[in-house]
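# Structural characterization, general
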Amino acid sequence: MKVSKFAKKIAIASGIGQLMDDLGNALVESQDMLMLGGGNPAHIPRVQQYFRNSMLRLLEDNGGFERVIGNYGPPQGNKEFITAISTLLQNEFGWDVKPENIALTTGSQSAFFILFNIFAGTFKDGVHKKILLPLAPEYIGYCDVGLADDLFVACKPQIKHIDEHIFKYYVDFDQISITDEIGAICVSRPTNPTGNVLTDSEIEKISALARANNIPLIVDNAYGTPFPNIIFTEAKSIWNKHTIVCMSLSKLGLPAARTGIVIANEDVIAMVSRVNAVISLAPGSIGAAIATNLVRSGDILRLSRDVIKPFYQTKAADTVEQLCKELDGIDFHIHKPEGTFFLWLWFPGLPITNAKLYQRLKKRRVLVVPGHYFFPGLKQRWKHKNECIRVNYSPDKETVTKGIKIIADEVKQAYDAA
Ligand SMILES: Cc1ncc(COP(=O)(O)O)c(C=O)c1O
């Protein structure tokens with residue numbers, strides 16, 4: 001079967017696709033697998049109760065359920081939900097966001113597919129533009145979304161050690177140059193995989209660079225404020241006409257609802273809506289239907305602040321404590337957990353690659369994600385890429401505790417054998 005370049009690029013050989021298959025298959029093949037690998041959020045009973053109640057209200061509402069499932073929404077997404085989100089953002093942040101500034105997408109993953117291909121790729125004058133990622137490691141899901149090849153350029157970070165075992169990445173502004181080939185800048189904040197939160201000063205500087213070069217800054221806020229608020233440091237959220245903020249209902253606990261939220265100027269929203277129409281007619285509206293009342297009542301803010309954030313923050317602290325105990329005696333570093341539900345572990349001088357470590361852990365029924373996948377656009381050879389792994393600490397305590405024990409044991413064995 002002969003297939004197009006598009007198929008070769010995206011439908012056949014995607015790195016993330018292979019990894020996701022691998023993680024998914026491993027889980028199906030073996031129910032006793034300790035899943036510290038994927039990006040699934042925790043099932044938090046108090047939060048799930050809200051979703052359940054919301055669904056029950058919808059079912060009991062005379063004709064409400066039938067309207068939700070029986071009608072296509074508009075390509076921009078469900079109007080009531082969009083209006084509720086714009087009011088929430090005006091009240092919460094004072095942003096001048098109107099419904100015309102918001103579009104829904106089928107998960108925020110598809111928003112990145114749309115936005116990156118709008119702002120990068122081949123332009124009319126033949127110029128090939130790229131998305132600049134000012135700080136790699138960055139989110140694995142960006143890697144393969146480009147319809148054109150070679151869509152990213154990324155910069156190595158500065159590394160600062162906070163104490164013996166905790167470090168933090170900072171943007172190295174000396175490495176950033178915004179040439180004509182840069183079509184947009186993108187950062188995830190908090191960052192998947194590291195849990196880093198770019199400081200307000202870093203964001204202001206990046207935003208100023210975007211404005212000065214008349215290109216958009218895309219802020220991936222999948223874990224940020226005001227929901228799901230899995231962020232453990234103070235961080236100011238920004239939005240203006242040259243900033244595109246992408247949000248999601250997934251990490252709140254609704255990944256299956258596939259609801260992404262793009263906040264941008266009217267021109268960008270009009271384009272995103274048109275692409276929605278072409279790709280899927282309209283984004284699904286079940287997520288919007290479940291969440292609209294939570295947004296209107298402000299419950300989404302209270303849940304995020306009082307339940308979701310403390311839940312993950314406690315788990316992060318417990319997991320770091322266990323790691324420090326189990327890994328005692330070897331040279332390990334953990335990125336300062338400032339948000340998300342991942343810990344990023346760095347083993348300088350690890351005698352095996354992180355890919356090999358991943359395989360060995362898989363044999364022992366523990367799944368993590370090897371760190372080298374998280375450097376889209378960073379072509380330089382850098383040992384660090386093969387010395388890190390990402391651990392999702394959102395599963396139940398028993399799973400995390402067992403998994404961490406095995407990770408520590410396997411890493412120690414690798415050092416001992418060297
Ligand atoms: C940083 C980041 N951005 C975006 C996404 C995509 O999420 P969704 O498509 O479920 O909204 C994820 C999912 O893991 C993520 O970690």
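Quick note: structure is the one above.
Attention here is on the structure that accompanies the text. (Residues numbered from 1 in each chain as written. Predicted model: local features only at pLDDT ≥ 70, side-chain atom pairs only at ≥ 80, totals over all residues. Heavy atoms only, no water.)

## Let's talk about the overall build of the chain
Rule in force here: Numbering of helices and strands runs from the N terminus; a helix is a DSSP stretch of H or I covering at least four residues, while a strand is a stretch of E covering at least two. Burial classes: relative accessible area under 20% of the type maximum marks a residue as buried, over 50% as exposed, and values in between as partly exposed (1.4 Å probe, protein chains only). Any two residues whose heavy atoms approach within 4.5 Å at even a single point are treated as in contact.
When helices and strands are tallied, the chain shows 12 helices and 16 strands. Along the first, second and third principal axes, the C-alpha set of the chain runs to 65 × 55 × 50 Å. The 418 residues of the chain split such that 55% are buried. For the chain, long-range pairs separated by at least 24 residues make up 75% of all intrachain contacts whose partners lie at least 6 apart in sequence.

## A word on empty space enclosed by the protein
This is how the line gets drawn: The distinction between a cavity and a pocket rests on a 1 Å grid over the protein atoms alone: a 1.4 Å probe fits inside a cavity but cannot get out, while a pocket stays open yet meets protein on both sides within 12 Å along at least five of seven lines, and a residue with an atom within 4 Å of a point counts as lining. Grid points are joined across faces, edges and corners, and a volume is the space filled by probe spheres set on the points. Gly is placed with the polar residues, together with every amino acid not listed as nonpolar (Ala, Val, Leu, Ile, Met, Phe, Trp, Tyr, Cys and Pro) or charged (Asp, Glu, Lys and Arg).
Tallied over the full model, the rule gives 3 cavities of 30 Å³ or more. Roughly 130 Å³ of volume is contained in the largest cavity. Surrounding the largest cavity, 15 residues form its lining, Arg 189, Val 219, Asn 221, Lys 236 and Ser 237 being those nearest its centre. Looking at side-chain class alone, the lining of the largest cavity contains 9 nonpolar, 4 polar and 2 charged residues.

## Things to note about the side chain of Lys 129
The following threshold applies: By the counting scheme adopted, Arg and Lys are positive, Glu and Asp are negative, and His together with the chain ends is not counted. Whenever Lys or Arg places a side-chain nitrogen within 4 Å of a carboxyl oxygen from Asp or Glu, that contact is recorded as a salt bridge. Side-chain atoms alone can form a polar contact between residues adjacent in sequence; in general such a contact is a pair of N or O atoms within 3.5 Å, and within protein one must be able to donate a hydrogen while the other accepts it.
Within the secondary structure layout, Lys 129 lies in strand S4 (residues 128-133). At 5.8 Å, Asp 180 is the nearest oppositely charged side chain to Lys 129, a buried residue that forms no salt bridge. Among the polar contacts listed, one links the side chain of Lys 129 to the backbone oxygen of Asp 180, at a separation of 2.8 Å. If sequence neighbours within four positions are ignored, Lys 129 has contacts with Phe 119, Ala 120, Gly 121, Phe 123, Leu 151, Asp 180, Glu 181, Ile 182 and Gly 183.

## What to know about the site of the ligand
Going by this rule: Nearness here has a simple test: a residue counts as near a molecule or strand if at least one of its heavy atoms is within 4 Å of that partner. Working definition of accessibility: Shrake-Rupley area with a 1.4 Å probe, residue cover restricted to the visible protein chains. To decide whether a molecule occupies a pocket or cavity, check its atoms: if more than half lie within 2 Å of the grid points, it is inside.
In the vicinity of the ligand, 13 residues are found, and the nearest of them are Asn 192, Asp 220, Tyr 223, Ser 248 and Ser 250. Taking Ser 248, its side chain carries an N or O atom lying 2.7 Å from an oxygen atom of the ligand. Contacts to the ligand include Ser 250, whose side-chain N or O atom sits 2.6 Å from an oxygen atom. Relative to its unbound accessible area of 400 Å², the ligand is 93% covered by the protein chains. Applying the majority rule of atoms within 2 Å of the grid points places the ligand in the largest pocket. The dominant element in the shell around the ligand, judged by the number of residues it contributes, is helix H6 (residues 107-119), at 4 residues. The residue inventory of the shell around the ligand, partitioned by class, reads 4 nonpolar, 6 polar and 3 charged.

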